[in-house]
Amino acid sequence: MAEKFINGKSVQVFLGEIIKAMPYLAASKKHFADQIVGKKNGKDGANYSVVLRDAGRVSDELEINDESDGEVQEREVTMTMMKKKTFVDVDTLSSIVDIKDFKSEIAETYGTHLGAECQKTAIENTFFKADTATVAETNGWTALAPATAKMKAARVGGKIVGFMDPLAEANLSINALNGWHFGPSEQGAKFYHDASIGKFMGAEFVYVNDVPNVTGVTVTGTISSIEDNGAYSTITLGSAINVKKGTPLKVAGAKACNVVGMPISSDFVLIVQEDVNGTEVKVQKVITEDIGSRNCAIEGDTLVGAEISNLLVDGKEYYVAQVRAEDTLSVDNVPLDDLAGAENKTDTVGGLDLHVTKFGDSKKRMNRTRWDIAMLYGMCDSRLVSLAYMPV
């Protein structure tokens, strides 16, 4: 009986449950399929550099004074390998007699767990890669609305999506302001299923778990140096601070930029990427040079000497919602080799590949079926991500 569950409709049913369990990753685009060759043997958690075309430079007058202005610019993007699996012994599958039982007993448990673990990992590594933030004083709506508007200011022509914890949405519903609410969305319900919240200011909002709350602490200081570390930047302060991952630090005099590197009215904000108790602070990648990939505009084109301060109120706890361009999160399938001497099958649903293998475990003398997912994922452009901090 078990053999029929390695191919056909059962694989698609299993994939469907995975996708429903990870709406954060489902809202994405494949950007780097042609650059994945040679990376399929990478370890889980390994980082890889890929490139996107940059918007280049624009100068005054018709005469070309600097030939480098015409060179094709490329922007380096760091992608992270994710490999996850789950498996079950064939004796368990042998008791399943039809696709309905397979869905309820296998797909909705094993598939949901696999998808939830994929989403948790992606949120941990990408959720706070943003360049702008809005903090509400009392009512969360006053942060959510500007965060959405900032995406439009960044010249987002595509779909805008937002993600928040269910408790954050419940708090918003209780504290409705000026008639603001999430409107029904047939498209959102169809794509995100039970995770769909609805639409607000043209953005599709979705429930996600595993988003940590952030508590404010008093922070003041001056940036003494900044170092580019590929996927991130590290700033060094003149005095030590003790803050948590996700803390938004305002940089005096710095403005955020749109997708072609031009400054906009929104303040640029450094988002702490790891808990820190010291002078070195890991933040999102910062580019101040006047080129198309610039995300921070500041006098002198450097953060060195700039003063920082925490946007959060000391001692107050906040929910955090992420608002972004849907396609700024890249998720590319990584092909997996078939296991020799086993029965293998790869199927695709909603752009996601699932590799299924039935094999014999010689040590325990039993047959098993395993489901594998491998992907490269990463946030391509922090300019197209904004965070809303809403009081708990």
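Residues numbered from 1 in each chain as written. Predicted model: local features only at pLDDT ≥ 70, side-chain atom pairs only at ≥ 80, totals over all residues. Heavy atoms only, no water.

Visitor: Which parts of the structure should I look at to understand helix H5 (residues 141-153)?
Guide: Residues that lie three or four places apart on an α-helix share one face, since the helix turns once every 3.6 residues. Helix length check: H5 (13 residues) gives 18 Å between terminal C-alpha atoms against 18 Å at 1.5 Å per residue, within 8%. Taken residue by residue, H5 has Trp141, Ala143, Leu144, Ala145, Ala147, Thr148, Lys150 and Met151 as its buried positions. Once H5 ends, the next one or two residues include Arg155, with phi positive near 65 degrees. (Helix = DSSP H or I, 4+ residues; strand = E, 2+ residues; numbered from the N terminus. Expected span 1.5 Å × (residues − 1). Buried < 20%, exposed > 50% of the residue type's maximum accessible area, 1.4 Å probe, protein only.)

Visitor: What is the right way to look at the nonpolar core in this model?
Guide: As a rule of thumb, nonpolar side chains are buried together in soluble globular proteins. By size, the foremost hydrophobic cluster in this structure holds 49 residues, and its most contacted members are Phe14, Ile18, Tyr24, Phe127, Leu354, Leu387 and Tyr389. By residue number, the principal contributor to this core is helix H4 (residues 99-126), which donates seven residues. Filtering out sequence-adjacent residues up to four positions away, Leu354 remains in contact with Val11, Phe14, Leu15, Ile18, Lys345, Thr346, Asp347, Trp371, Asp372 and Ile373. Counting 23 residues, the second-largest nonpolar core is a separate cluster that includes Val243, Val276, Ile298 and Ile308. (Core = buried A, V, L, I, M, F, W, Y, C linked by side-chain atoms within 4.5 Å. Contact = heavy atoms within 4.5 Å.)

Visitor: Teacher, can you tell me more about empty space enclosed by the protein here?
Guide: With a probe scaled to a water molecule rolled over the atoms, the places where space remains empty come into view. Evaluation of the coordinates by the stated rule reveals two cavities of 30 Å³ or more. As a volume, the largest cavity reaches approximately 260 Å³. Lining the largest cavity are 18 residues, and of these Lys285, Met379, Cys380, Asp381 and Ser382 sit closest to its centre. It is strand S2 (residues 74-89) that contributes the most residues to the lining of the largest cavity, four residues altogether. Of the residues contributing to the lining of the largest cavity, the split by class is five nonpolar, six polar and seven charged. Counted as a void, the second largest cavity has a volume near 40 Å³. Considering the residues around the second largest cavity, the lining is formed by Asp131, Thr132, Lys150, Met151, Ala154, Ala256, Cys257, Ile264, Ser382, Arg383 and Val385. Broken down by secondary-structure element, the contributors of at least two residues to the lining of the second largest cavity are H5 and strand S10 (248-257). Of the residues assigned to the lining of the second largest cavity, the class counts are six nonpolar, two polar and three charged. (1 Å grid on protein atoms, 1.4 Å probe; cavity = no way out; pocket = protein on both sides within 12 Å on 5 of 7 lines; lining within 4 Å. Points joined across faces, edges and corners; volume = space filled by probe spheres on them. Nonpolar A, V, L, I, M, F, W, Y, C, P; charged D, E, K, R; others polar.)

Visitor: How should I be thinking about the layout of surface pockets in this particular structure?
Guide: Taken as a whole, the largest pocket holds about 350 Å³ of empty space. In terms of lining, the largest pocket is formed by 17 residues, of which the most central are Ile19, Ala26, Phe191, Val349 and Gly350. Where the lining of the largest pocket is concerned, the elements lending two or more residues are helix H1 (9-20), helix H2 (23-26) and helix H7 (186-192). Here the lining of the largest pocket takes three residues from H1, the largest share from any one element. Grouping the constituent residues of the lining of the largest pocket by class yields eight nonpolar, five polar and four charged.

Visitor: Any chance you could explain the pattern of salt bridges here in plain terms?
Guide: Pairing between side chains of opposite charge can happen when the charged atoms of each approach one another. Evaluated as defined, the whole model comprises 11 salt bridges. Across the salt bridge formed by Lys20 and Glu17, the nearest N and O atoms sit 3.3 Å from each other. Residue Lys20 and its partner Glu17 are located together in helix H1, separated by three residues, close to a single helical turn. Of the charged contacts in the structure, one is a salt bridge between Lys282 and Glu274, with a shortest N-O distance of 2.9 Å. Among the residues examined, Lys282 registers a relative accessible area of 24% and is labelled partly exposed. Taking the relative accessible area as the measure of exposure, Glu274 reaches 42% and is therefore partly exposed. The network of salt bridges with shared partners includes Glu17, Lys20, Lys103 and Glu108. (Salt bridge = Lys/Arg side-chain N within 4 Å of Asp/Glu carboxyl O.)

Visitor: Sorry, what's going on with the confidence of the model for the chain here?
Guide: Note: predicted coordinates in regions of low pLDDT should not be interpreted at a detailed level. Taken as a whole, the chain shows an average pLDDT of 86; of its residues, 86% reach a score of 70 or greater. Considering each helix and strand of the chain separately, the mean pLDDT is smallest for helix H3 (residues 90-94), with a value of 58, and largest for strand S13 (residues 296-297), with 98. (pLDDT = per-residue confidence, 0-100.)

Visitor: So what exactly am I meant to see when it comes to the environment of Val385 here?
Guide: Locating Val385 in the fold gives a position in strand S20 (residues 385-391). For Val385, the residues in contact, after removing those within four places along its chain, are Lys129, Ala130, Asp131, Thr132, Met151, Gln322, Val323, Arg324, Thr328 and Met379.

Visitor: Where do I start with the packing of aromatic side chains in this structure?
Guide: For the structure shown, the criterion picks out 10 aromatic pairs. Over the face of the ring belonging to Tyr232 we find Lys282, whose NZ or CZ atom lies 3.9 Å from the ring centre. Above the ring of Tyr24, the side-chain terminus of Arg324 is found at 4.9 Å from the ring centroid. (Phe/Tyr/Trp six-rings, centres within 6.5 Å; stacked < 30°, edge-to-face > 60°. Lys NZ or Arg CZ within 6 Å of the ring centre and 35° of its normal.)

Visitor: How do you make sense of the pairing of S20 when you look at a structure like this?
Guide: The side chains of a regular strand alternate, residue by residue, between the two faces of the sheet. Burial of S20 is extensive: seven of the seven residues sit out of reach of the surface. Of the two faces of S20, the one carrying Val385, Leu387, Tyr389 and Pro391 and the one carrying Ser386, Ala388 and Met390 are both buried. One ladder, built from four bridges, connects strand S3 (residues 132-135) with S20; its direction is parallel. Bridge assignment links Thr132 to a residue of S20, and that residue is Ser386. Both strand S15 (residues 317-325) and S20 contribute to a ladder of seven bridges, which runs antiparallel. Bridging from a neighbouring strand, Gln322 pairs with Leu387 of S20. (Pairing = 2+ DSSP bridges.)

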